[in-house]
Amino acid sequence: MTTATPTYSLPTSLQHNTSPGSAPPRKSWRPRLNLSSRAEEPSSIGLGTTNTNASSKREQKWWKVRIFRGMVNDVKRRAPYYVSDWLDAWDYRVVPATVYMYFANILPALAFSLDMFEKTKMSYGVNEVLLASVLGSVVFAVFAAQPLVIVGVTGPITVFNYTVYDIMVPSGTNYFSFMALIGLWAMAMHWFLAITNACNAIKYVTRFSCDIFGFYVAFIYLQKGIQVLTRQANGESFYLSIMVSLLVLAVGYLCGVIGSSPLFQHYVRVFIKDYGTPLTVIFFTGFVHIGKMARVELSVLPTSKAFFPTIDRSWFIDFWNIRLGDVFIAIPFAILLTILFYFDHNVSSLIAQGTEFPLRKPAGFHWDIFLLGTTTGVAGLLGIPFPNGLIPQAPFHTASLCVASVVADPDEKSASKGHVVTKVSHVVEQRVSNLAQGLLTLGTMTGPLLVVLHLIPQGVLAGLFFVMGVQALEGNGITLKLLFLCKDRSLTPASEPLKRIERRGAIWIFVAIQLVGFGGTFAITQTIAAVGFPIIILLLIPFRTWVLPRWFTEEELRILDAPTASPFTMISVGGNYGEDAEDKVESTGGSGGEGGVLSGGAVDGEQAAAERGEGPGAGVKRRDGEGIEMSGRPGMRRRSISRQPE
């Protein structure tokens, strides 16, 4: 086999003295490979067309898979920051973020445990859901490349679990053994996706599909709240539960409004925003025992013994005690679960690291999907629900770690002047808050705290479902577009990007398409075929990539459907779709991209370079939405350059 010899393209500005007896001075080769030097002096390096052609000829084909490359490069990029992930936790924002996420994670989990407790005949209860949250939190806080992502039990996996129960248990299948097999098959599939760099496909995921999925999750919360109320007894218990749930919704939502308003002093607003929801739950748990309400018998959260499963079984599942046919029947269910987690967890990661958050540390999608497969297999063996990335808790976690201030909107003029916006200076990126809330969840499984949880009325949990659903809807892109369409045009702020779209009908059509996608996803979950809803969600991605550009102009899609995460976050998967070339030019000053000096066998594809952190947008981080900052690795000299307008 013949080995290709790398060819070297030297700068044209260098003079070569070939006369005998003259020795050229020795110069270091490193400056010629320096990204900063090429960005500042693109004309000083004669890259020519030879290197560009060689790079394009050797661009990696889609069917050529470099196994393990994505995982290895994720670890290489994130490992230098591991120590700072712990040291950076010495910040006040970590304390309220930990408390907030503990309640924001555990309270919906308790509500989901109530739902699965009823629909799986006590197969899953409080302890199973709490242990699943602990497993996800601890593993991802300590080992993940994206430790800001909150992992736990979600609404979609709740639907998946009781739908599998309804399908398989009537045929005599051992439910826990069958779920363990699903987890083991899904673990192998997750590992296959991670090893083959399949997460590169999430570069095609935009706000279009994320908003539809977030809209669906929000309505799942609202639906679960209503279902909890419908299971209450008739008469006084039913009406008191409805009243308490609506009061929890009103007070919990009001705390969020006050937190983002100009009312009161800053420290008062921050306290109300951080601790309003858990204090609301605590207050109304005791509120129902005041006066004549104490005589009304309300349904409460069912609990079991500390650190024991809900039913009489061991924590380890004998997954081999099952019919041979069921081993293979579990495969299609595992495929559906893998599709769900591939989309759900990656979307959670994208939204938690969205463009609105000025993050400084790199992401790693391939490594995290490998970890998710591991926790899925372990959860199956333990007989607990499969944990994965949470929406909206994951972005709530990042938002709770933001250090922000309220400033005047610089784009407002004349009569509209005085409108204010929230400006985020930085995010406290660390691992402690995720780990701490996981350990607090583990402590919740102790006897005394289980007794406390047993006091929470189901009406309060229904109200919490409503709060989470309304908060998720409030920040969803579909909701924001609908509110824009309903606003008086003359009173709409000048800084609103949607005002730049000339065809107002394009906004209506875009929102209508999203609502149809949401309707199809939500409708199928109301049937016995609910386990198939991940397929509909997955089909939204190619629909957005290849169909919508036929109906909307490029400028309209740029405004209606911006990328979910910045190019800096998307380095792990090769950058956002459609931005590779643009980012490459901006980050290299038009020099032809990384690997322009070395050509031939030394050149990898753009995607491989991006995976190493050397390609489009490598080492770039946003700063206040105005420029990009070259950061590179820890300790590397930084310099700022402005992003030119298009």
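Residues numbered from 1 in each chain as written. Predicted model: local features only at pLDDT ≥ 70, side-chain atom pairs only at ≥ 80, totals over all residues. Heavy atoms only, no water.

### Some thoughts on unusual backbone geometry
Of note in the backbone geometry, Met122 takes a positive phi value of approximately 70° without being a glycine. When its relative accessible area of 42% is taken as the criterion, Met122 is described as partly exposed. Unlike most non-glycine residues, Phe264 shows phi in positive territory, near 60°. Considering the arrangement of structural elements, one finds Phe264 in the loop between helix H10 (236–259) and helix H11 (266–287). Given the relative accessible area of 52%, Phe264 is considered exposed. (Buried < 20%, exposed > 50% of the residue type's maximum accessible area, 1.4 Å probe, protein only. Helix = DSSP H or I, 4+ residues; strand = E, 2+ residues; numbered from the N terminus.)

### Section: the packing of aromatic side chains
Within a pair of aromatic rings, the relevant descriptors are the distance that separates the centres and the angle that separates the planes. Applying the stated criterion to the full structure yields 31 aromatic pairs. Site record: aromatic cluster; members linked through ring pairs are Phe208, Phe510, Phe543, Trp551 and Phe552. Above the plane of the ring of Tyr162 lies Lys119, whose end atom (NZ or CZ) is 4.2 Å from the centre. Looking at Lys305, its charged tip hangs above the ring of Phe308, at a distance of 4.3 Å from the centre. (Phe/Tyr/Trp six-rings, centres within 6.5 Å; stacked < 30°, edge-to-face > 60°. Lys NZ or Arg CZ within 6 Å of the ring centre and 35° of its normal.)

### Regarding the packing of H10 against H11
A pair of packed helices is captured by two measures, namely the crossing angle of their axes and the spacing between those axes. Where H10 contacts H11, the axes come no closer than 7 Å and their chain directions differ by 170°. Classed by the angle they form, the pair H10 and H11 counts as roughly antiparallel. Of the two elements, H10 crosses H11, and the hand of that crossing is right-handed. Taken together, the residues of H11 that come into contact with H10 (itself represented by Met243, Val244, Leu247, Val248, Val251, Gly252, Cys255, Ile258 and Gly259) are Arg269, Ile272, Lys273, Gly276, Thr280, Phe284 and Phe287. Across the contact of H10 with H11, the residue classes break down as 10 nonpolar, four polar and two charged. (Axes fitted to C-alpha atoms, helices over the stretch in contact; angles between N-to-C directions. Parallel < 35°, antiparallel > 145°, perpendicular 65-115°, else oblique. Left-handed = near helix turned anticlockwise from the far one by under 90°. Contact = heavy atoms within 4.5 Å. Nonpolar A, V, L, I, M, F, W, Y, C, P; charged D, E, K, R; others polar.)

### Looking at helix H14 (residues 393–400)
In terms of residue burial, H14 counts as a mostly covered element, since seven of its eight residues are buried. Along H14, the positions that sit buried rather than exposed are Gln393, Ala394, Pro395, Phe396, His397, Thr398 and Ser400.

### Overview of the packing of helix H3 (residues 69–78) against helix H13 (residues 365–382)
Direction vectors running N to C along H3 and H13 enclose 105°, while the axes themselves pass 7 Å from each other. As far as their axial angle goes, H13 and H3 are roughly perpendicular. Of the residues in H13, those touching H3 at Gly70, Met71, Asp74 and Val75 are Phe365, His366, Trp367 and Phe370. Within the contact of H3 with H13, the residues separate by chemical class into five nonpolar, two polar and one charged.

### Looking at the side chain of Asn105
Within the element layout of this structure, Asn105 appears in helix H5 (residues 94–119). Each residue touching Asn105, except ones within four places of it in the same chain, is listed here: Ser133, Ser137, Ile150, Val151, Leu390, Gln393 and Gln437.

### Here's the deal with the nonpolar core
Among the nonpolar cores identified, the biggest contains 140 residues, and Phe160, Val164 and Ile182 are the most heavily contacted of them. It is helix H12 (residues 324–352) that provides the largest number of residues to this core, a total of 14 residues. Dropping the residues within four chain positions of it, Val164 is found in contact with Val169, Tyr175, Phe178, Met179, Ile182, Phe333 and Val531. Core analysis: the second largest hydrophobic core is formed by 11 residues, Val94, Leu359, Cys402 and Val424 among them. (Core = buried A, V, L, I, M, F, W, Y, C linked by side-chain atoms within 4.5 Å.)

### Some details on the environment of Ile339
Turning to its location among the elements, Ile339 is positioned in helix H12. Distance in space between the C-alpha atoms of Ile339 and Gly532 is 9.7 Å, their sequence separation being 193 residues. Sequence-distant contacts of Ile339, that is, excluding residues within four places in its chain, are made with Pro534, Ile535 and Leu538.

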